[in-house]
Amino acid sequence: MHERSASLRPAGSGLAIGPNALRALDTIGAGDAVRDLSAMQGDGGVRRAAGGWLSRTSAEAAHARYGDPTVALLRTALVGELAARVPPQALHLGSHVTAVTPGGTVTAGGAEHGADLVVAADGMRSGVRGTLFPAHPPVRHTGLTAWRGLTAGPVPGGTPGEAWGRGRVFGMTPLAGGRTYFYATAPAAEGAREQDAAAELAELKRLFGGWHDPIPALLDAVSPDALLRNDIHHLPAPLPSFHRGRVVLLGDAAHPMTPNLGQGACQAIEDAVVLAHEVTAGGGPPGYTAARLPRTTAVMRRSHRVTRLTALSGAAPVAVRDGLMRPAGLLGPTAVLRQADMLYRWHPPAGP
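Report on the accompanying structure.

The rules behind the values
Residues numbered from 1 in each chain as written. Predicted model: local features only at pLDDT ≥ 70, side-chain atom pairs only at ≥ 80, totals over all residues. Heavy atoms only, no water. Helix = DSSP H or I, 4+ residues; strand = E, 2+ residues; numbered from the N terminus. Rg over C-alpha atoms; globule rule 2.2 N^0.38 Å. Buried < 20%, exposed > 50% of the residue type's maximum accessible area, 1.4 Å probe, protein only. 1 Å grid on protein atoms, 1.4 Å probe; cavity = no way out; pocket = protein on both sides within 12 Å on 5 of 7 lines; lining within 4 Å. Points joined across faces, edges and corners; volume = space filled by probe spheres on them. Nonpolar A, V, L, I, M, F, W, Y, C, P; charged D, E, K, R; others polar. Contact = heavy atoms within 4.5 Å. Phe/Tyr/Trp six-rings, centres within 6.5 Å; stacked < 30°, edge-to-face > 60°. Lys NZ or Arg CZ within 6 Å of the ring centre and 35° of its normal. Core = buried A, V, L, I, M, F, W, Y, C linked by side-chain atoms within 4.5 Å. Pairing = 2+ DSSP bridges.

Focus: the overall build of the protein
(1) Moving on: A tally of helices and strands in the protein yields 12 helices and 17 strands.
(2) Moving on: For 352 residues, the compact-globule estimate of 2.2 N^0.38 gives 20 Å, and the protein sits close to it at 20 Å.
(3) Moving on: Counting only C-alpha atoms and orienting by the principal axes, one finds that the protein spans roughly 55 × 45 × 40 Å.
(4) Moving on: For the protein, the residues scored as buried account for 45% of the 352 residues in total.

Comments concerning empty space enclosed by the protein
(1) Moving on: Evaluated as defined, the whole model comprises one cavity of 30 Å³ or more.
(2) Moving on: By volume, the largest cavity amounts to about 40 Å³.
(3) Moving on: Counting only elements with at least two residues in the lining of the largest cavity, the list comes to strand 3 (43-48), strand 12 (161-164) and strand 13 (169-174).
(4) Moving on: Residue contributions to the lining of the largest cavity peak at three residues, all from strand 12.
(5) Moving on: Tallied by class, residues from the lining of the largest cavity come to five nonpolar, four polar and two charged.

A few points about the side chain of Asp341
(1) Moving on: Looking at the element boundaries, Asp341 is found in helix 12 (residues 341-344).
(2) Moving on: A residue is classified by how much of its surface remains accessible, and Asp341, at 18% relative accessible area, is buried.
(3) Moving on: If we skip the residues at most four places from it in the chain, Asp341 touches Arg65 and Tyr66.

Comments concerning the packing of aromatic side chains
(1) Moving on: Within this structure, the stated rule accounts for six aromatic pairs.
(2) Moving on: Centroid distance Tyr181 to Tyr183: 6.1 Å. Interplanar angle 45°. Geometry classified as tilted.
(3) Moving on: Residue class for Tyr181 comes out buried when judged on its relative accessible area of 8%.
(4) Moving on: A residue is classified by how much of its surface remains accessible, and Tyr183, at 25% relative accessible area, is partly exposed.
(5) Moving on: Cluster of aromatic residues (ring-pair linked, three or more members): Phe170, Phe182, Phe208 and Trp211.
(6) Moving on: The aromatic ring of Trp53 is capped on one face by Arg47, whose charged end is 4.0 Å from the ring centroid.

Section: the nonpolar core
What tends to happen in soluble globular proteins is that the nonpolar side chains get buried as a cluster.
(1) Moving on: Ile17, Val34, Leu78 and Leu249 are the most contacted members of the largest nonpolar core, which totals 54 residues.
(2) Moving on: For Leu249, the contacting residues outside a window of four places in its chain are Ala120, Ser126, Val128, Arg129, Leu132, Phe133, Leu239, Phe242, Ala254 and Tyr288.
(3) Moving on: Among the nonpolar cores identified, the runner-up in size contains 18 residues, and Ala163, Phe170, Phe182 and Ala184 belong to it.

Notes on the sheet that holds strand 16 (residues 243-244)
(1) Moving on: One open sheet holds the three strands; their spatial order is 10-17-16, and the pairing between them is mixed. Looking at which strands have only one partner, the edges of the open sheet turn out to be strand 10 (118-120) and strand 16.
(2) Moving on: Relative to strand 17 (residues 247-249), strand 10 is paired through three bridges, and the arrangement is parallel. When the sheet's bridge partners are listed, Ala120 is paired in strand 17 with Leu249.

This is the structure in structure tokens:
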């Protein structure tokens, strides 16, 4: 395993692991360690910027429907659990892969290595994807930027969920240990940044400081150094395949998606488990593509549809959007949760 970073202290702050990904993690004995970090309780859902509910459910109702919670945790916690299951001699840190061929040759650290199977998990702007499918359209900017951050301690009054305004979103969720993870999205030109971390926090307060409690208190509780900012991209068309020759693509390299469903990491975990199954059961890379391409395409497209809804900024379109969301919320948590069935009812393949 070649990893360009010199250590396994990953960039990023938090992520969500849904019931589908927990079942996948069970196949390598890591599911319960992640479940132990669950901190979501009580009501959640989508609110207006002023605080009124658009759709409402609860962590308890979701757990009852899917048999598992959704766990928000630090990326470092998940990476630690996964790395503990990798033999130390198999992990090469600070090793930059500069070339991959469909025949299974990898160039890393100035040396060539042959492999029966190459798994490329090199992210949203995957160079390997460009090598395998050079004519395929690259990722495209959605017109939105995202901030992510962590509070140093508890912020009273927070409930897991999101608030939707005119073209802007603010989401928050509690983490084990009393901290709160939050994210926010807003329209911005690609590559736009404030001059420093303090200015980024000031921009967040300008955009969201007037939203419902406890958002203002949460922004007061975060250090500028705990903020990250990234533009949001998506792949405009699914790939024709997730493999070519002896090389397979996994995670964001295979199906870059917007973060609106919280499924980026979950789908990568599903990928890994299905790939291991297909290699063991004899389906190999073709079996992996057949199993994963339809599902990830559906998730990717649904996530992008939600992105477009959150990006609406005109008064009339936002009023229509909010009006269409409220009936499902009034029907109770089950009606809201049914929309997530295709995500969370997935199970790993049975067999070897």
